[in-house]
Amino acid sequence: MLLLLALPGLLYCLAPAVANRIEPRVFGIPFLAAYLIAVTIAIGPLIWFVARRDPAYRSGAAEFVPADNPPATDGPIGDPR
């Protein structure tokens, strides 16, 4: 499922080859701009979908963040003793 996250990058890279034309216009804007706006809008739901299908996300396990570790107190700099 995580490979789906490469899809937006691929769609952006393919934009010049697939949608690089002015006509037809979509709501008065060139097709390339409409294509890029549509891909940008579609990224949010795609990331939400992939996150919901990720087993680590569904398990509710806490995510490790290095900043959560307590600072070391055995060094000479900033020794709180």
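Cut-offs applied
Residues numbered from 1 in each chain as written. Predicted model: local features only at pLDDT ≥ 70, side-chain atom pairs only at ≥ 80, totals over all residues. Heavy atoms only, no water. Bend = angle between axes of the 7 residues up to and from the residue. Helix = DSSP H or I, 4+ residues; strand = E, 2+ residues; numbered from the N terminus. Contact = heavy atoms within 4.5 Å. pLDDT = per-residue confidence, 0-100. Patch = residues over 30% accessible without salt bridge, like charges linked within 9 Å, V, L, I, M, F, W, Y side chains within 5 Å. Areas by Shrake-Rupley, 256 points an atom, 1.4 Å probe, with all protein chains shown as cover. Salt bridge = Lys/Arg side-chain N within 4 Å of Asp/Glu carboxyl O. Buried < 20%, exposed > 50% of the residue type's maximum accessible area, 1.4 Å probe, protein only. Core = buried A, V, L, I, M, F, W, Y, C linked by side-chain atoms within 4.5 Å.

1. Quick word on helix H1 (residues 7–19)
(1) Moving on: At cysteine 13, H1 is deflected by roughly 40 degrees, the largest bend along its length, and proline proline 16 occurs up to four residues later in sequence.
(2) Moving on: Against the buried residues of H1 lie helix H2 (31–53).

2. A few points about the confidence of the model for the chain
(1) Moving on: In the predicted model, the chain carries a mean pLDDT of 80, and the fraction of residues at 70 or more is 83%.
(2) Moving on: Per-residue pLDDT, averaged within each element of the chain, yields its smallest value for helix H3 (residues 55–59) (74) and its largest for H2 (90).

3. Points about a nonpolar patch on the surface
(1) Moving on: There is a patch of nonpolar side chains on the surface, built from Met1, Leu4, Leu7, Leu10, Leu14, Val18, Trp48 and Phe49 and spanning about 710 Å² of accessible area.
(2) Moving on: Residue assignment for the nonpolar patch shows that the elements contributing at least two residues are H1 and H2.
(3) Moving on: The biggest single contributor to the nonpolar patch is H1, with 4 residues.
(4) Moving on: By secondary structure assignment, the location of phenylalanine 49 is in helix H2.
(5) Moving on: Exposure remark for phenylalanine 49: the relative accessible area of 37% places this residue in the partly exposed category.

4. Some remarks on the nonpolar core
(1) Moving on: Counting 5 residues, the largest nonpolar core is built from Ala15, Ala19, Tyr35, Val39 and Ile43.
(2) Moving on: Listed by contribution, the elements that provide at least two residues to this core are H1 and H2.
(3) Moving on: The biggest single contributor to this core is H2, with 3 residues.
(4) Moving on: Residues within four places of valine 39 in sequence aside, it is in contact with Pro8, Leu11 and Tyr12.

5. A word on unusual backbone geometry
If a residue is not glycine, its phi is most likely negative; likewise, a peptide bond is most likely trans.
(1) Moving on: If you check the backbone angles, phenylalanine 27 has positive phi at about 55 degrees while not being a glycine.
(2) Moving on: Mapped onto the fold, phenylalanine 27 is located in the loop between strand S1 (25–26) and strand S2 (29–30).
(3) Moving on: Using a relative accessible area of 86% as the deciding quantity, one classes phenylalanine 27 as exposed.

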